[in-house]
Amino acid sequence: MKIMKWFFIFTGIVVVGACIYLLAVALLPGFDVPGQPLQEGKRVIKAPDEGPFINRKDVSFNSKVTEISACLYLPENASEPLPCIVMASGLGGTKDMLADYAFFFKKAGFAVLAFDYRYFGQSKGEPRQLIWIPDQLEDWSAAIEYVRGLEAIDPDRIALWGTSLSGGHVIVTAAKDHNIDCIVAQCPGVDGRASAEMVFDTMPIGYSLRMLVHGQRDLVRSWLGLSPHKVPIVGKPGSIALMTASNAYEAFSQLASGRFVNEACARIIVRGDEYRPIEYAHEVRCPVLLQICEKDQLVPVESIEETGRILGQLAEIKKYPIGHFDVYLGENLEKSVRDQIDFYRKHL
């Protein structure tokens, strides 16, 4: 009986101590993170009257009760109904960052729908800048339902495109929707646990613990109904941000539009490791193009290769000797897109 008594006392002390710690993290001042505005001079996003924005139509649809903003790209002089590629950006990105991809796909004869997740870009939803994976997956399903209902789109010829975090989303979505024809997953985040371990192994332990505290602060504040605690989405190496790979900040500076908000609710830091699209791979029934950046600093290459093994004959794997953010720019972008178009023409 004495052992049980001391056990309950010890357990109570631990629980109370944990509660005090979390309340202190959530409520005490001094946790603000310096903002990291993107370098405007480096942006290469085109103006609305140039290239990718020609023949672009701004549209919207509802995901549950939230209005989602999207862009619909239709090829010129193409016979309808058209095959359609549904796209969304990776961690913290917006649809404006996908304009070049949409232009290439449109030029190849495909319709494209690129959308902003709720809480981001021009979509509605509060709190702003919240990366909440269940909501994002609902937005994917709503986007697919929307294009299937358009007169210009062939509802039986729908493909998905995702990159980084959304590369995992398209695998989960295709696992649940067996009417998807094919998907492209570019440097996809397929195993949040493996990605978290990779970051923890490569970063100083002090830095990792600081990031963990920021995530805890935002999560507990959400439980208490308080305002979100936010950190930059991308930052320079060594700074506090969701992504600090060597060229992450520079890549976003070139890809993001002038209205891009470089911050996100920090709770994704302590929840992202629970997201494992690799566990859904065995339920996918359509062809999948897995594009691997062999020098990826954010996504473990082994996790994508394992996903390919699970997919078996459904998987087509392409490898590129570059880093995670190199694939979005210049010749690397063009090479990646050529492979994607070849894949879509084969299966869509």
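Residues numbered from 1 in each chain as written. Predicted model: local features only at pLDDT ≥ 70, side-chain atom pairs only at ≥ 80, totals over all residues. Heavy atoms only, no water.

A.B. asks: Would you explain the overall build of the protein in this entry?
C.D. replies: Within the protein, the regular secondary structure consists of ten helices and ten strands. Within the span of the protein, comprising 348 residues, buried residues form 53% of the whole. Surface accessibility of the protein: about 16,100 Å² in total, with carbon and sulfur atoms responsible for 56%. (Helix = DSSP H or I, 4+ residues; strand = E, 2+ residues; numbered from the N terminus. Buried < 20%, exposed > 50% of the residue type's maximum accessible area, 1.4 Å probe, protein only. Areas by Shrake-Rupley, 256 points an atom, 1.4 Å probe, with all protein chains shown as cover.)

A.B. asks: Got a minute to help me understand the nonpolar core in this structure?
C.D. replies: Inside soluble globular proteins, nonpolar side chains tend to come together where they are buried. Core analysis: the largest hydrophobic core is formed by 105 residues, its most contacted members being F105, F115 and Y344. When residues no more than four places from it in sequence are discounted, the contact partners of F115 are F61, I68, S69, A70, V86, M87, A88, K95, D139, W140 and A143. (Core = buried A, V, L, I, M, F, W, Y, C linked by side-chain atoms within 4.5 Å. Contact = heavy atoms within 4.5 Å.)

A.B. asks: Would you explain the layout of surface pockets in this entry?
C.D. replies: The gaps left among the atoms become clear once a water-sized probe is rolled over them. The space that makes up the largest pocket amounts to roughly 1,000 Å³. Lining the largest pocket are 36 residues, with S195, A196, V199, L242 and I269 positioned closest to its centre. When residues of the lining of the largest pocket are traced back to their parent elements, those giving at least two are α5 (192-202), α6 (205-223) and α8 (268-271). The element that contributes the greatest number of residues to the lining of the largest pocket is α5, accounting for six residues. Tallied by class, the residues present in the lining of the largest pocket amount to 23 nonpolar, eleven polar and two charged. Of the pockets and cavities examined, the second largest pocket occupies roughly 170 Å³. Every element with two or more residues in the lining of the second largest pocket is listed here: α3 (133-148) and α8. Here the lining of the second largest pocket takes three residues from α3, the largest share from any one element. (1 Å grid on protein atoms, 1.4 Å probe; cavity = no way out; pocket = protein on both sides within 12 Å on 5 of 7 lines; lining within 4 Å. Points joined across faces, edges and corners; volume = space filled by probe spheres on them. Nonpolar A, V, L, I, M, F, W, Y, C, P; charged D, E, K, R; others polar.)

A.B. asks: Looking at this model, I keep getting lost on empty space enclosed by the protein. Mind explaining?
C.D. replies: For the structure shown, the criterion picks out two cavities of 30 Å³ or more. There is about 140 Å³ of room inside the largest cavity. Along the wall of the largest cavity there are 15 residues; nearest its centre are S89, G90, M97, F252 and Y328. In the lining of the largest cavity, the residues fall into nine nonpolar, six polar and no charged.

A.B. asks: Help me understand the pairing of strand β10 (residues 315-320), please; the structure alone is not making it clear to me.
C.D. replies: Here is the key point about a regular strand: its side chains alternate between the two faces of the sheet. Inspection of the sheet shows strand β9 (residues 288-293) paired to β10 by six bridges, in the parallel sense. Looking at β10, one finds that L290 is bridged to I317. The parallel pair β9 and β10 is bridged by helix α9 (residues 301-311), and the resulting crossover is right-handed. (Pairing = 2+ DSSP bridges. Right-handed = clockwise from strand over helix to strand, strands pointing away.)

A.B. asks: I keep staring at the environment of Q340 and nothing clicks. Help me out?
C.D. replies: Relative to the assigned elements, Q340 resides in helix α10 (residues 330-347). Q340 sits 155 residues away from A185 along the chain, and the two C-alpha atoms are 9.5 Å apart. Not counting chain neighbours up to four residues away, the residues in contact with Q340 comprise Y101, F105, W161, V184, Q186, L289 and Q291. Within the structure, the side chain of Q340 is placed 2.9 Å from the side chain of W161, a separation counted as a polar contact. In this structure the side chain of Q340 is engaged in a polar contact, spanning 3.0 Å, whose partner is the side chain of Q186. (Polar contact = N/O pair within 3.5 Å; in protein donor to acceptor, adjacent residues only side chain to side chain.)

A.B. asks: How should the packing of α3 against helix α4 (residues 165-176) be read in this particular structure?
C.D. replies: Helix packing for two helices is described by the angle between their axes and how far apart those axes are. Their axes nearest at 10 Å, the elements α3 and α4 cross at an angle of 60 degrees. It follows that α3 is oblique to α4 by the angle criterion. Pair α3 / α4 crosses with right-handed handedness. Two secondary-structure elements touch here, α3 through I133, Q136, L137, W140 and I144 and α4 through L165, S166, H169, V170, V172 and T173. When grouped by side-chain class, the residues that make up the contact of α3 with α4 number seven nonpolar, four polar and no charged. (Axes fitted to C-alpha atoms, helices over the stretch in contact; angles between N-to-C directions. Parallel < 35°, antiparallel > 145°, perpendicular 65-115°, else oblique. Left-handed = near helix turned anticlockwise from the far one by under 90°.)

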